[in-house]
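# Coordinates in review
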Amino acid sequence: MIWLKQARQRLGRWIGGEPSPQTSTQIEQEKLRQVLALLNDKSQPNLNALTEVTRNLDALALNVKTLGYHLAQDLAAALPLRENTRPRRAPLGSKPSTQHDMESEWVAHWCSQLKVPVMYHRKLWELAYILQVAHNAGHLRQGARGLGFGCGTEPLASYFAAQGARVTITDLAPDDARSQDWSGTNQHASTLDDAFHPRLVSREAFDALVDFRAVDMNAIPDDLAGYDFCWSTCALEHLGSIAHGLAFIENSVKTLRPGGTAIHTTEFNINPVGPTIDNWPTVLFQRQHFEQLAERLEAAGHRVAPLDFDPGSKPLDKFIDIPPWNDGTMAALSARLGQAGHLKVAIDGFVTTCFGITVTRAG
């Protein structure tokens, strides 16, 4: 677990004081080994008080995950079979992902369009949210122009192209050091091939309607302008700070024609009070940040879809998934859980979900 590893590292520094630089690593590792080892040198249980507290954390995490994932799988299996769905207008505000949404007809429709089963997963909610808002605004049509930020390998560009929309997808340049973390998780796009999904669109249509630009979301080029809509899927929390993420949303509106729509999803700390993560590779926005942003955007004449911060009250709205994400110490057992099913997760100790925000540029 990442958080446990960090705690152990901090504990090691506290126990060991500040040894000389040339020996600090060896000393810290040895003291940590002695304090946190499950067994002593005679293969007997380590009775150190801290070890007794931490030794079962992985098993507790696995228990939580097992029950949550099985609940999500059972609920998904019990969903009504919806065949021949059609797009409907389902007005959405700026809101977090909820179990109620995942059980709605609009999510079922967009899952069918993306050719994936409905699963209780917040990342699937993000895709459905963006598509529903784009449909509500009339952008899923021949000739519409869209601009995607931090697109990675997501399927949205392929789907938009299948509807006849002309889209520009963007991501960090391959030689940008920040792109390396995303490349390692197959979430970074460096060419059009990375965003092509043959199950959704023909190669001919994709090549004719989709182009790629290397773009830093903290410095959007001025020539990206006049689009009918723009979007990003859980990318703006990786811009270095909360301030950078909020500035990106404001700057993205400038890429739109009057009346155009900006649709963004990001990580949301559902606790409206207290601390949150900032100035970090992944930051967590809170209610106050979106309220302040909405106030600035509306003062400039733009329209923000009504803010709704209700995280939901159904069982999966209360299940908080925790690391490891099918890896780590419990890899062999965790892998048997199958597809993760979660709408809320713990990120460095903060309860988090996905939040979608929609902005319409002043006409």
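Only a predicted model underlies this, so the values are computations on that prediction, with no experimental measurement involved.

## Concerning helix α11 (residues 242–253)
In this model, α11 (12 residues) spans 17 Å end to end at C-alpha, consistent with the 16 Å of a helix rising 1.5 Å per residue. Within the span of α11, buried status applies to Ile242, Gly245, Leu246, Phe248, Ile249, Ser252 and Val253. Seen along its axis, α11 keeps its buried residues to an arc of 150°; they face one direction. Residues of α11 that are buried in the fold lie against β2 (145–149), β5 (227–233), β6 (256–269), α12 (287–299) and β10 (350–360).

## Things to note about the confidence of the model for the protein
When pLDDT is averaged across the protein, the result is 86; 81% of the residues are at 70 or more. When the criterion is pLDDT under 50, residues 1–22 qualifies, and its contacts beyond four places in sequence or with other chains add up to 25 contacts. Considering only residues more than four positions removed or in separate chains, one finds that residues 182–188, a stretch of pLDDT under 50, has 16 contacts.

## A word on the packing of aromatic side chains
Applying the stated criterion to the full structure yields 14 aromatic pairs. Residues tyrosine 69 and phenylalanine 319 carry aromatic rings whose centres are separated by 6.3 Å and whose planes lie at 85° to one another, so their mutual orientation is edge-to-face. Taken together, the residues span a long stretch of sequence, with tyrosine 69 in helix α4 (residues 57–77) and phenylalanine 319 in the loop between α13 (315–318) and β8 (320–321) at a distance of 250 residues. Phenylalanine 319 shares its class with tyrosine 69; the two are buried. Members of the aromatic cluster, connected to one another through ring pairs, are Phe268, Phe285, Phe290, Phe309 and Phe355.

## Side note on unusual backbone geometry
Notably, asparagine 279 is not glycine yet its phi reads approximately 50°, a positive angle. Along the chain, asparagine 279 turns up in the loop between β6 and α12.

## Things to note about the packing of helix α6 (residues 105–114) against helix α7 (residues 122–136)
For the pair α6 and α7, the least separation of the axes is 9 Å and the interaxial angle reads 100°. Taken together, the axis directions place α6 and α7 in an arrangement best described as roughly perpendicular. The segment α6 lies against α7, with Trp106, Val107, Trp110, Cys111 and Leu114 engaging Leu124, Trp125, Leu127, Ala128, Tyr129, Leu131, Gln132 and His135.

## Some remarks on the pattern of salt bridges
If you walk through the whole model with that rule in mind, you get 15 salt bridges. Between glutamate 126 and lysine 123 there is a salt bridge, and its shortest N-O distance comes to 3.4 Å. Of the two residues, glutamate 126 and lysine 123 both sit in helix α7, 3 residues apart, roughly one turn of that helix. Note that arginine 296 and glutamate 250 form a salt bridge whose closest N and O atoms lie 3.1 Å from each other. Placement of arginine 296 in helix α12 and of glutamate 250 in helix α11 is noted, with a sequence separation of 46 residues between them. Residues joined in a network through salt bridges with shared partners are Arg122, Lys123, Glu126 and Glu267.

## Considerations on the environment of alanine 157
Summarising the element assignment, alanine 157 is placed in helix α8 (residues 156–162). You can call alanine 157 buried: its relative accessible area is 2%. Sequence separation between alanine 157 and threonine 168 is 11 residues; the distance between their C-alpha atoms is 8.2 Å. For alanine 157, the contacting residues outside a window of four places in its chain are Val167, Ile169, Val210 and Trp231.

## Here's the deal with α4
For α4, spanning 21 residues, the distance from its first C-alpha to its last is 30 Å, which sits close to the expected 30 Å at 1.5 Å a residue. For α4, the complete set of buried residues consists of Asp58, Ala61, Leu62, Lys65, Gly68, Tyr69 and Ala72. Projection of α4 onto a plane perpendicular to its axis shows the buried side chains occupying an angular sector of 145°, all on one side. In α4, the exposed residues that point more than 90 degrees away from the buried face are Leu67, Asp74 and Ala77.

## Quick word on the side chain of histidine 302
Within the secondary structure layout, histidine 302 lies in the loop between α12 and β7 (303–304). Under the relative-accessibility criterion, histidine 302 is labelled buried at 16%. Within the structure, the side chain of histidine 302 is placed 2.9 Å from the backbone nitrogen of alanine 362, a separation counted as a polar contact.

## Some details on the nonpolar core
Core analysis: the largest hydrophobic core is formed by 48 residues, its most contacted members being Trp106, Phe160, Val167 and Trp231. Secondary-structure elements contributing two or more residues to this core are α4, α6, α7, α8, β3 (166–171), α10 (203–209) and β5. For this core, the leading source of residues is α7, giving 9 residues. By size, the runner-up hydrophobic cluster in this structure holds 30 residues, among which are Met217, Ala235, Leu239 and Phe268.

## Notes on the packing of α11 against α12
A pair of packed helices can be characterised by two numbers: the angle between their axes and the separation between those axes. Two numbers describe how α11 lies on α12: the axes approach to 11 Å, and their chain directions differ by 30°. For the crossing formed where α11 meets α12, the hand is right-handed. Residues Ile242, Leu246, Ile249, Glu250 and Val253 of α11 pack against His289, Leu293, Arg296 and Leu297 of α12.

## Observations concerning the environment of tryptophan 125
Within the fold, tryptophan 125 resides in helix α7. With residues near it in sequence (within four places) discarded, tryptophan 125 still touches Lys95, Pro96, Ser97, Thr98, Asp101, Met102, Trp106, Thr265, Cys354, Phe355 and Gly356.

## Description of the side chain of aspartate 321
Relative to the helices and strands, aspartate 321 is located in strand β8. Reaching out from aspartate 321, the side chain makes a polar contact with the side chain of histidine 342 at a distance of 2.6 Å. Residues within four places of aspartate 321 in sequence aside, it is in contact with Lys65, Tyr69, His342, Lys344, Val345 and Ala346.

Calculation criteria
- Residues numbered from 1 in each chain as written.
- Predicted model: local features only at pLDDT ≥ 70, side-chain atom pairs only at ≥ 80, totals over all residues.
- Heavy atoms only, no water.
- Helix = DSSP H or I, 4+ residues; strand = E, 2+ residues; numbered from the N terminus.
- Expected span 1.5 Å × (residues − 1).
- Buried < 20%, exposed > 50% of the residue type's maximum accessible area, 1.4 Å probe, protein only.
- Arc of directions from axis to C-beta.
- Contact = heavy atoms within 4.5 Å.
- pLDDT = per-residue confidence, 0-100.
- Phe/Tyr/Trp six-rings, centres within 6.5 Å; stacked < 30°, edge-to-face > 60°.
- Axes fitted to C-alpha atoms, helices over the stretch in contact; angles between N-to-C directions.
- Parallel < 35°, antiparallel > 145°, perpendicular 65-115°, else oblique.
- Salt bridge = Lys/Arg side-chain N within 4 Å of Asp/Glu carboxyl O.
- Polar contact = N/O pair within 3.5 Å; in protein donor to acceptor, adjacent residues only side chain to side chain.
- Core = buried A, V, L, I, M, F, W, Y, C linked by side-chain atoms within 4.5 Å.
- Left-handed = near helix turned anticlockwise from the far one by under 90°.

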